[in-house]
Every structure is written in structure tokens, then in C-alpha cells.
Amino acid sequence: MRFGLYAGGFLGPFGGAILAVLIPQLRDAFGATTSQVTFAITAYLVPFAAFQLVSGTIGERVGIARTVRAAYVGYAAFSVLAAFAPSIEVFIGARALQGAANAFLTPLLLAAVAASSPEGTVGRTVGTFAAVQTTALVAAPLIGGLAGELSWRLAFLAPAVAALGLAVLPLPGAREAQAAPARLRSAMTRRVGWLSTAAFLGYLSIAGLGFLVALRAADAFGLGSTARGALVATFGLAGALVGRFAGEFADRRGRVTAALVGASGCAAAVPFLGLADSPAALAAAWLSAGAGSAFVWAGVNTMAVEAVPGNRAGATSVVSAFKFAGNACAPLLWLPLYRIGPGTAFTAAAAGSVALGAAVLQVRQR
């Protein structure tokens, strides 16, 4: 029944992560520098994050189902533009438009998932949604790696076809416009503020490290495109396997407890990404970080959809905006530290997981 909701949640993380293993191919295709290609990651994520500040409230005002279907069509069109971009500048612009369209998908679909959940199972369904999103983190490097061997354009044409197919599927829980229009101010509470801080740190310091893991796999161990994709995919594989269980844990033991368990696990695992002396050790550390991340999002996402019942999508989109803002900032922050030394970058990222735990504790106090 919720297939269309879960499948739609796949597109956001997939679109953001697909470039991680395609950097060499795109660099050659456009005659661009590594910095230019990695900027395309930020170009996608900045509008993706910025428009989410208002996308949920807009969806509540004009109707979530109508908004989501329009966003699917836009995402498909901009994906085709990226696939056939004649220059790196056009490619970066197409990526920015993809991100803007996707801002009207991820948070609205998550709110619809929560709205369609029976009482007492919100954590489980939200955890399942997070598992689907982390499955995208598995698929993105795998599809990106395979596309790199064939044609990088396939990595953008396949999502375009998928988006058009999803536009016609049912959307349970996606209500029409409210009689009393939702206001953005209603989503701007202190609780949402601390959840937004935790979400920012979660993607900055955990999920946003995928490109750095791919670079380390290439620089330290000389792995090719497909092998890098398989290694980076271990993070999403862990999240996909653990996500539903993490959601059930959040239902039984509490949302804050689930997020703290995840943040602690990530803080312990991430430093080993800079210390790994083999591809297997690097994959094991990244797998552990993925499992911890599943508990973080089971807790944070569930608290977000429950934070403002009168504007569920609005609060969810604000938290999600900060989540992907963290992802957008990750290359800008971690790449210079990585050039100093891999250990420096990954140790600093682990400190971000500790700060995430501190933000979640503020939510408990609220």
C-alpha cells in the first residue's frame, strides 16, 4: 500500500550520492577539475536543503499529493537535462534544478508515511522509510559504478524513468489542502530547532562521508569504479538491513534513546575509516557507521514527524532541510581536512557524532 511513498523516498539520497563514484568519469567527460565535479554535489544539495525549509508547509497548503506529483515530473525533466548536458556548467545547473524538485518529495512523503501509520507503529514505518533511503545509498554507488563502466548518462536517465512511473502511483496519507492553511511559523519551535541541529550533524558527520570513503578507497588501495561503488554501498546496506529494527527499537525504548545509541556507535566507528589498512577494514568500519546511522534516523525522523501535528509536513521538511544542508557542507569541510590527512578528517567527523548526541539530549530536556 505504501510502495509509492517508500519508493519516492529513494530518489533524494540516490540523487545526492550518485556522483560519489562518478567523479573520475565526469571529470574526463567534461574536461573539468575534481573541485568542479565535487561542486556538483553541493549544487544539488543546497537547493534541495533550502527549498525544504518551505516545501512541507507549501505541500500542506496546496495539497501533498498534488505537490508530490508535480515534483516527480520536474525531477524527471531535470534528470534528462543532466544526462545530456553539453558542459560542466550546464550539468551543475541541472543538478541544482534536480535538488529543487526533490525538495518537494522527501519530507512530504515522510509525513505521508507517518500519517498513514497505525498508532504505536510510527517508529517502525519511519524506520522502514529510512531503510529505503539508505538502500538508495547502496544502489547509488553500485549503479554509479556500473554506469561509469558503460555510460555515466545512465545514472541520470534511469531515475528519470522511475520518477515518471512513481507520479501515477497511489499516495496513501498524502492529504489534500487543509481548510485552515498551515503556516511556516508553526513549524519553527525550539524542539524542531534541536532536531534540525541533530539532523545537520548527522549528515555532515556520518552519511555525508560517502564521497570521502570513495576517495580513500581509490587513493589508499587503488580500487576501480565498480569496486569503490561496492565498498561505499556497505553503509547503505547496513542501514537497509537495520532500519526497520531500529524503528521498532524507537517505538519500544524511545526516540531519544535510539538516536543516542546510533550516535555513540558512529562516533566509535568513523575514526577507523582513516586508520583502515585494507579495503576489508575500510568496508567494515563503513558498515558499522551505516548501522549506527539507522538508529540515529529512526529516532530523529520519528521525533520530527511527531513534533508539530498541525503542520506535520512543515516540521518534517524543516528538519530535512538541515539534514541535507549538512550533506551539502560535507565536501566543503572534509575535503580540505582530508588533504591534510585522512585521519584528521575522519577524527573530526567522529566529533560531529558526539555533538549530535548532545543535540538529541536537548530534545529530551524539551
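Preceding block: the structure.
Reading guide: rules and limits
- Each residue is numbered by its place in its chain's sequence as written, counting from 1.
- Residues qualify for local features only when their pLDDT is at least 70, as the model is predicted, and side-chain atom pairs are given and counted only at 80 or more; totals for whole chains, interfaces and linings, by contrast, use all residues.
- Hydrogens are left out, water is left out, and the side-chain values use all remaining heavy atoms of the structure.
- Secondary structure is summarised from DSSP: a helix means a run of H or I of at least four residues, a strand means a run of E of at least two, and numbering begins at the N terminus for each.
- Relative accessible area decides the class of each residue, using a 1.4 Å probe on protein chains only: under 20% of the type maximum gives buried, over 50% gives exposed, and in between gives partly exposed.
- The contact rule is simple, with two residues in contact once any of their heavy atoms fall within 4.5 Å.
- The charge count treats Lys and Arg as positive and Asp and Glu as negative. His and the chain ends do not count.
- Charge placement uses NZ in Lys and CZ in Arg. For Asp and Glu, CG and CD serve respectively.
- Two cysteine sulfur atoms make up a disulfide if the distance between them is within 2.5 Å.
- When a carboxyl oxygen of Asp or Glu is within 4 Å of a side-chain nitrogen of Lys or Arg, the pair counts as a salt bridge.
- By definition here, a helix of n residues has an expected span of 1.5 Å times n minus one.
- Stacked, tilted and edge-to-face are the three classes applied to pairs of Phe, Tyr and Trp rings, where Trp contributes its six-membered ring and a pair requires centres within 6.5 Å; stacked means planes under 30 degrees apart, edge-to-face means over 60, and tilted covers the rest.
- Only Lys NZ and Arg CZ are tested; either one counts as a charge over a ring when it is within 6 Å of the ring centre and within 35 degrees of the ring normal.
- Residues belong to one nonpolar core when they are buried, are Ala, Val, Leu, Ile, Met, Phe, Trp, Tyr or Cys, and are joined through side-chain atoms within 4.5 Å.
- Axes, fitted as lines to C-alpha atoms, cover a helix only where it is in contact. Angles between the N-to-C directions of the axes lie from 0 to 180 degrees.
- Reported orientations rely on four angle classes, namely roughly parallel under 35 degrees, roughly antiparallel over 145, roughly perpendicular from 65 to 115, and oblique for the rest.
- Crossing handedness is defined as follows: a turn of the near helix away from the far one that is anticlockwise and smaller than a right angle gives a left-handed crossing, while the clockwise case is right-handed.
- Gly falls in the polar group here, along with every residue not listed as nonpolar (Ala, Val, Leu, Ile, Met, Phe, Trp, Tyr, Cys, Pro) or charged (Asp, Glu, Lys, Arg).

### Notes on the overall build of the protein chain
Link 1 in the chain: A count of helical and extended segments in the protein chain gives 16 helices and zero strands.
Link 2 in the chain: Across its three principal axes, the protein chain shows a C-alpha extent of roughly 55 × 45 × 30 Å.
Link 3 in the chain: Expressed as a percentage of the 366 residues in the protein chain, the buried residues total 60%.
Link 4 in the chain: A separation of at least 24 residues holds for 87% of the contacts in the protein chain among residues at least 6 apart in sequence.
Link 5 in the chain: The protein chain carries 24 positive and 11 negative side-chain charges, and their two centres are separated by 9 Å.

### Quick notes on the state of the cysteines
Link 1 in the chain: Enumeration according to the criterion identifies zero disulfides in this entry.
Link 2 in the chain: No disulfide involves Cys329; its sulfur sits 19 Å from that of Cys266, the nearest cysteine.
Link 3 in the chain: Cys329 sits in the partly exposed class, given a relative accessible area of 31%.

### Some points on the pattern of salt bridges
Link 1 in the chain: Inspection of the entire model under this criterion finds two salt bridges.
Link 2 in the chain: Two residues, Arg255 and Asp251, come together in a salt bridge whose shortest N-O distance is 3.1 Å.
Link 3 in the chain: By relative accessible area, Asp251 is classed as partly exposed at 26%.
Link 4 in the chain: The shortest N-O distance in the salt bridge between Glu306 and Arg255 comes to 2.6 Å. You can see Glu306 sitting in helix H14 (residues 279-307) and its partner Arg255 sitting in helix H12 (residues 255-269), a full 51 residues away along the chain.
Link 5 in the chain: With relative accessibility at 35%, the residue Glu306 sits in the partly exposed group.

### Considering helix H1 (residues 3-17)
Link 1 in the chain: In this model, H1 (15 residues) spans 22 Å end to end at C-alpha, consistent with the 21 Å of a helix rising 1.5 Å per residue.
Link 2 in the chain: Of all 15 residues in H1, 13 are buried; the element is thus mostly enclosed.

### With respect to the packing of aromatic side chains
Link 1 in the chain: Counting across every chain of the model gives 12 aromatic pairs.
Link 2 in the chain: A cation sits over an aromatic face here: Lys323 above Trp297, 4.8 Å from the ring centre.

### A word on the nonpolar core
Soluble globular proteins tend to bury their nonpolar side chains together.
Link 1 in the chain: In this structure, Tyr72, Phe91, Phe156, Leu209, Leu273 and Val300 are the most contacted members of the largest nonpolar core, which totals 124 residues.
Link 2 in the chain: Looking at this core, the element that brings in the most residues is H14, giving 12 residues.
Link 3 in the chain: Ranked by size, the runner-up nonpolar core spans eight residues in total, among them Val242, Ala258, Ala294 and Ala298.

### A few points about the packing of helix H10 (residues 210-221) against helix H15 (residues 312-340)
Link 1 in the chain: In the contact formed by H10 and H15, the axes pass within 10 Å of each other and the chain directions differ by 30°. Of the possible angle classes, the one that applies to H10 and H15 is roughly parallel. The two elements H10 and H15 meet at a crossing, and its hand is right-handed. Counting all contacts with H10, which are made through Phe211, Leu212, Leu215, Arg216 and Asp219, the residues of H15 involved are Ala330, Pro331, Trp334, Leu335 and Tyr338.
Link 2 in the chain: Split by residue class, the contact of H10 with H15 holds eight nonpolar, no polar and two charged.

Keep in mind these values describe shape, not function.
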